[in-house]
Amino acid sequence: MRRIRAAAAVAITVSTLAGATACGGGSEAGGSNESPKTLTYWASNQGPSIPADKKILTPELKKFEKQTGIKVKLEVVPWSDLLKRILAATTSGQGPDVLNIGNTWSASLQATGALLPWNAKNFDAIGGRDRFVDAAVGSAGAEGKDPSAVPLYSLSYALYYNKKMFADAGIAQAPATWDELVADGKKISKNGTSGKWGLGAEGGNLSNNIHQAFVLGQQHGADFFDASGKPTFTSPGAVAAVKQYVDFMGKDKIIAPGNAEYAQNQSLSDFSKGKTAMVLWQAAASTFASQGMKPEDWGAAPVPVQSGTPGKGKNVNSMVAGINMAVFKNTKNTKGALQFVKFMTSTDEQKLLNKAYGSVPPVTAAQSDPAFNAPGVKVLKDTLSNSAAPLPQVASESQFETTVGTAIKELWADAAAGKAITTESVKAKLTKAQQQMTQ
Amino acid sequence: MTATDTTSQVPQAAGDDVLKSGGARGRFPRIPDRIRRGGLPYLLLLPALVLELLIHILPMIIGMVMSFRGLTQFFIRNWSNAPWTGLHNYRVAVDFDAPIGKALLHSFYVTLGFTLLAVGLSWLVGTGTAVLMQENFRGRGLLRTIFLVPYALPAYAAIITWAFMFQRDNGLVNHVLHDQLHITDKPSFWLIGDNSFYALVIVAIWKSWPFAFLMVMAALQNIPRELYEAASIDGAGLWQQIRKITMPSLRPVNQVLVLVLFLWTFNDFNTPYVLFGKSAPESADLISIHIYQSSFDTWNFGSGSAMSVLLLLFLLVVTTVYLIFTSRGRKTSDG
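Residues numbered from 1 in each chain as written. Chains lettered and ligands numbered in written order. Predicted model: local features only at pLDDT ≥ 70, side-chain atom pairs only at ≥ 80, totals over all residues. Heavy atoms only, no water.

### A look at the overall build of chain B
Counting its secondary structure elements, chain B contains 14 helices and zero strands. Reading chain B from its N end, one meets helices and strands in the order α-α-α-α-α-α-α-α-α-α-α-α-α-α. Contacts in chain B between residues at least 24 apart in sequence constitute 64% of all its contacts with a sequence separation of at least 6. Per element, the accessible surface of chain B, about 18,500 Å² overall, is 66% carbon and sulfur. (Helix = DSSP H or I, 4+ residues; strand = E, 2+ residues; numbered from the N terminus. Contact = heavy atoms within 4.5 Å. Areas by Shrake-Rupley, 256 points an atom, 1.4 Å probe, with all protein chains shown as cover.)

### Looking at the pairing of strand S2 (residues 71–77) of chain A
Residue and element names in this part refer to chain A. Taken together, the seven bridges between strand S1 (residues 38–44) and S2 define a ladder with parallel strand orientation. Across the sheet, the residue bridging to alanine 43 is valine 76, located in S2. A crossover connection joins S1 to the parallel S2 through helix H2 (residues 50–68); in handedness this β-α-β unit is right-handed. (Pairing = 2+ DSSP bridges. Right-handed = clockwise from strand over helix to strand, strands pointing away.)

### Some details on unusual backbone geometry
Glycine aside, negative phi is the norm for most residues, and most peptide bonds take the trans geometry. Residue and element names in this part refer to chain A. For lysine 190, which is not a glycine, the phi torsion comes out positive at approximately 45°. On the secondary structure map, lysine 190 appears in the loop between helix H8 (178–189) and strand S6 (197–199). For lysine 190, a relative accessible area of 51% gives the class exposed. Phi is positive for asparagine 265, close to 60°, though the residue is something other than glycine. Topologically, asparagine 265 is positioned in the loop between helix H10 (236–250) and helix H11 (266–272). (Buried < 20%, exposed > 50% of the residue type's maximum accessible area, 1.4 Å probe, protein only.)

### Observations regarding the packing of aromatic side chains
What characterises a pair of aromatic rings is the spacing of the ring centres plus the angle enclosed by the ring planes. All told, the structure shown has 41 aromatic pairs over all chains when counted by the stated rule. Where Phe64(A) meets Phe343(A), the ring centres are 5.3 Å apart and the plane angle is 45°; that geometry is what we call tilted. Here Phe64(A) is found in helix H2, whereas its partner Phe343(A) is found in helix H13 (residues 334–344), with 279 residues between them in sequence. Neither Phe64(A) nor Phe343(A) differs from the other in exposure class; each is buried. Aromatic side chains Tyr153(A) and Tyr357(A) sit 5.1 Å apart centroid to centroid with 65° between the ring planes, which places their arrangement in the edge-to-face category. Here the residue Tyr153(A) occupies a position in strand S4 (residues 150–155), and Tyr357(A) occupies one in helix H14 (residues 347–357), the gap between them amounting to 204 residues. Using a relative accessible area of 2% as the deciding quantity, one classes Tyr153(A) as buried. The class of Tyr357(A) is buried, set by a relative accessible area of 11%. Counting every residue linked through ring pairs, the aromatic cluster contains Phe108(B), Tyr109(B), Phe262(B), Phe266(B) and Phe314(B). (Phe/Tyr/Trp six-rings, centres within 6.5 Å; stacked < 30°, edge-to-face > 60°.)

### Description of the interface of chain A and chain B
In this complex, chain A contributes 54 residues to the contact, which on the side of chain B involves 52 residues. For the chain A and chain B pair, buried surface summed over both sides reaches about 4,700 Å², with 63% attributable to carbon and sulfur atoms. Where chain A packs against chain B, one counts two salt bridges. For Lys429(A), the salt bridge is made with Glu282(B), and the minimal N-O distance between the two is 3.4 Å. (Buried area = accessible area lost by both parts, 1.4 Å probe. Salt bridge = Lys/Arg side-chain N within 4 Å of Asp/Glu carboxyl O.)

### Topic: the pairing of S4(A)
Residue and element names in this part refer to chain A. A large share of S4 lies buried, amounting to six of its six residues. Where S4 meets strand S10 (residues 321–327), five bridges bridge the pair, whose relative direction is antiparallel. Residue valine 150 lies in a different strand from S10, and its bridge partner there is methionine 325.

### Structural notes on a nonpolar patch on the surface
Residues Leu51(B), Leu54(B), Ile55(B), Leu58(B), Ile61(B) and Ile62(B) make up a contiguous nonpolar surface patch of roughly 520 Å² in combined accessible area. You can call Leu58(B) partly exposed: its relative accessible area is 38%. (Patch = residues over 30% accessible without salt bridge, like charges linked within 9 Å, V, L, I, M, F, W, Y side chains within 5 Å.)

### Looking at the side chain of Gln218(A)
All names here are of chain A. Inspection of the secondary structure assignment puts glutamine 218 in helix H9 (residues 206–219). Among the polar contacts listed, one links the side chain of glutamine 218 to the side chain of aspartate 223, at a separation of 2.7 Å. Ignoring any residue separated from it by four or fewer positions in sequence, one finds glutamine 218 in contact with Asp223, Lys314, Val316 and Ala389. (Polar contact = N/O pair within 3.5 Å; in protein donor to acceptor, adjacent residues only side chain to side chain.)

### A look at empty space enclosed by the protein
All names here are of chain A. Tallied over the entire structure, the rule returns one cavity of 30 Å³ or more. The computed volume of the largest cavity comes to approximately 40 Å³. Lining the largest cavity we find Gly200, Ala201, Glu202, Asn208, Gln212, Tyr245, Ser267, Val279, Leu280 and Trp281. Where the lining of the largest cavity is concerned, the elements lending two or more residues are H9 and strand S7 (276–282). (1 Å grid on protein atoms, 1.4 Å probe; cavity = no way out; pocket = protein on both sides within 12 Å on 5 of 7 lines; lining within 4 Å. Points joined across faces, edges and corners; volume = space filled by probe spheres on them.)

### Looking at the packing of helix H7 (residues 155–165) of chain B against helix H9 (residues 196–221) of chain B
Residue and element names in this part refer to chain B. At their nearest, the axes of H7 and H9 sit 11 Å apart, and the two run at 145° to each other. The two elements H7 and H9 meet at a crossing, and its hand is right-handed. Counted together, Ala158, Ile159 and Trp162 of H7 and Ile202, Val203, Trp206 and Lys207 of H9 form the full contact between these two elements. Taken together, the residues of the contact of H7 with H9 break down into six nonpolar, no polar and one charged. (Axes fitted to C-alpha atoms, helices over the stretch in contact; angles between N-to-C directions. Left-handed = near helix turned anticlockwise from the far one by under 90°. Nonpolar A, V, L, I, M, F, W, Y, C, P; charged D, E, K, R; others polar.)

### Remarks on the pattern of salt bridges
Taken as a whole and judged by the stated rule, the model has 17 salt bridges over all chains. Between Glu75(A) and Arg85(A) there is a salt bridge, with its nearest N and O atoms 2.7 Å apart. With a gap of 10 residues between them, Glu75(A) in strand S2 and Arg85(A) in helix H3 (residues 79–92) connect regions that are remote in the sequence. In this structure, Asp168(A) engages Lys164(A) in a salt bridge whose closest nitrogen and oxygen atoms are separated by 3.2 Å. You can see Asp168(A) and its partner Lys164(A) sitting in helix H7 (residues 163–168), four residues apart, about one turn around the helix. Here Asp168(A) falls in the exposed class, since its relative accessible area comes to 58%. A network of salt bridges, in which partner residues are shared, links Glu410(A), Lys429(A), Lys432(A) and Glu282(B).

### Quick word on the sheet that holds strand S8 (residues 298–301) of chain A
All names here are of chain A. Taken together, four strands build an open sheet; the order of strands is S6-S7-S5-S8 and the sheet is mixed. Each having just a single partner strand, S6 and S8 make up the two edges of the open sheet. Strand-to-strand twist in this sheet, taken as the mean axis angle between neighbours without regard to direction, amounts to 25°. Taken together, the two bridges between S6 and S7 define a ladder with parallel strand orientation. Bridging across to S7, leucine 199 finds its partner in methionine 278. Strands strand S5 (157–162) and S8 of the sheet are contacted by helix H15 (residues 375–386), whose axis makes an angle of about 150° with S5.

### A closer look at the environment of Ser249(B)
Among the structural elements, Ser249(B) can be located in helix H11 (residues 238–266). Linking Ser249(B) and Ala219(B), residues 30 residues apart in sequence, is a C-alpha distance of 7.7 Å.

### Side note on the sheet that holds S1(A)
Residue and element names in this part refer to chain A. The five strands are arranged S2-S1-S3-S10-S4 in an open sheet whose pairing can be described as mixed. Of all the strands in the sheet, just S2 and S4 have a single pairing partner and so form its edges. For this sheet, the mean inter-axis angle between neighbouring strands, taken without regard to orientation, is 20°. Pairing analysis gives five bridges linking strand S3 (residues 98–102) to S10, with the strands arranged antiparallel. By the bridge assignment, leucine 99 is partnered in S10 with alanine 326. Sheet strands in contact with H3 are S1, S2, S3 and S10, and its direction is about 125° off that of S3.

None of this, on its own, says anything about what the molecule does.
Structure (structure tokens):
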């Protein structure tokens, strides 16, 4: 009897733990197809919701089917699941034929060898590499290697500001430097006593933390990785950049402490409600509209720089953000997949899709459409072509987002709790992050 | 593969024989007869065994093999090609002076504290309520049903509701503590910083006490009423009745209950993941999340597997020690 009970308990332990050992193994095969007349496509969730995405994409897929006779099976995957799904597909070899990836993952996914490399021949099949904006292709894989994906929607950061709050505080124009931004922010937040705040942040969102730290790092001359791809998170420039960002809350008191726990775009709702005067965001227009703001209520300006004006070189003021389109190497239908990528990156489709999503077409010919010269979008477009830089295209980019993004999240928590943020405390967090990278 | 073949063939063969021997009733066909005598129990167990093997044992063995390899994103596509690194992953995991080992040890302590607190309080609340519910009063059925709600709710939906309530600026918790009762002098953070540990404990207790309640209540109903009647005739008070009748009768149930709660809570993944997302605050960095982050967010599956195996060993040791200890105690109290 005793032995049976012991065995039962061991069995419970073992089965409970098997979950831990094997967790994440649940791969949902997208079903790679045998027949050349169908394709499976994993689209990332771009619009306000998954049904909205389906509504935008389905007519286009029908159009493609009419042209080529190839039926595309669409699945819209939420962002939070996408990378896990891709990893599962990579491990099992059972993936979709064509998929969207976030462009910051390009080099990490390239390293797995699961994606079709875009060599000259494949680029020729979709009309040539020179149809695309250079910076966008540059963010699709490690330097010196064939890109692992093709740019589909491009995005960059802009500074969005609430016109009425600016006018109320007597601010005539959007800040061009960080000093001006802090000064303007203080006029609005009055050291946190006015109930209104200068700037919004998403402290709990690791990727967003990374994007801001990267841009500030570039302005301080830091890259976060050296030429051989080794992490340099603790370089003086990187430390200064992270400190500058967190200081907006801790020292300058222009960010509300509550923003330290934001991760679900709450800073955008605060902006729409007139609680926060500025946010640094990629293509926020449609969100503002959905939260009841009129286009004339807000303005968009380039993200500030340390001094002077944005431009090439040190005055980078955005990462090259965007969504890329990749072909799974395992596909049994490479030809059809290439045809589909060609269709999605054709000038007409580019105009149509990027308009629907509020992004900028990475295809040069499509950018001439007047829609992309509307005030909000023009800032994004100009930033992309003049002063944006891709995040480090290294295989360990994904780890970088996790470790450094977490370090910044912890610093936000400290700042929100009123603990002092010093160069040493920033450096300690970044040292820990860097040590976690090298095993 | 072969196992499945045998299972699918046997009933078929049996069916054939039955058809063939249609007239000769009463006489068992030759092959099933032999199986019936010797192997039938094993045959019936086979499907369960195969599934157990596929679902639990095999992934565990794969996980153990992975833990000896340098499995990173470079090899994930063909993971059997990942270089053999021997005990390297284990050495890194238990090197408590280096950052990875240090972080693992930290999350181990956090998990231990969290588990002891959450299991202890869940058990206390569950048992207390179960004892109170023994008395017959109006509305008892309704109360019992309400108590089981946390147990019946889908974990994700329930925890996300807690996450909303714990929000600093708009959450119900701060609204009550700060705005209404004025206990705190300014709204506190619950989802970041040091308080997140307590937020985690509260949600875990809320989630698991109904199970304790259910188990204890079932056990209490099995205690014969006569025992209490006899005891009260002999002059035993309430406390003595609890100590001499209730607690000993609950012992076998408690033994399993505490073990199961311990294992569930120690491995709890849903609660921290839904509350904090993929990177939990340091004070609430439970080991399950920590291992998840080590494997899936930093793409170091080998290292993550090694940590899982270490966790498995730890829990096996704890379970064994616990069982030896409790059954010894049981023996002396019985005999």
